[in-house]
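Listed below, chain by chain, are the residues.
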Amino acid sequence: PELKMGYRLLKNSGFIPEELNQTQKEMVTLEDLLACCDDKTEQEKLQQKLTQKKLRFDQLVKKRKLQSNSKFGSYAQKIYDLL
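Reading the values: the criteria
Residues numbered from 1 in each chain as written. Predicted model: local features only at pLDDT ≥ 70, side-chain atom pairs only at ≥ 80, totals over all residues. Heavy atoms only, no water. Salt bridge = Lys/Arg side-chain N within 4 Å of Asp/Glu carboxyl O. Helix = DSSP H or I, 4+ residues; strand = E, 2+ residues; numbered from the N terminus. Buried < 20%, exposed > 50% of the residue type's maximum accessible area, 1.4 Å probe, protein only.

A. Molecular detail of the pattern of salt bridges. Inspection of every chain in the model, using the stated rule, returns two salt bridges. Here E19 and R56 are joined by a salt bridge, their closest N and O atoms 2.6 Å apart. On the criterion of sequence distance, the pair formed by E19 in helix 2 (residues 18-36) and R56 in helix 3 (residues 40-82) is long-range, its members being 37 residues apart. Owing to a relative accessible area of 35%, R56 belongs among the partly exposed residues under this scheme. Across the pair K53 and E26 runs a salt bridge whose closest N-O atoms are separated by 2.5 Å. Of this pair, K53 sits in helix 3 while E26 sits in helix 2; the two residues are 27 residues apart in sequence, bridging distant segments of the chain. Classification of E26 by relative accessible area gives partly exposed; the value is 25%.

Encoded structure:
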């Protein structure tokens, strides 16, 4: 409870968790490698890795949104009950 305000400040300032940040960096690196790669088999491997990273990133974002939405949902319900 005492860290809640700190986490809210980080969220509002655009901070993302380390796992999301790392996955995002790996996606950029893979895109750069893919752009300068000439070998077709290597391009296919890189594209497959990039697709996996994008899927993982999307999963993490969805999980994070679901967590924040469920918190808001319970908070909203308390407000509606008071009204």
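Picking up where we left off.
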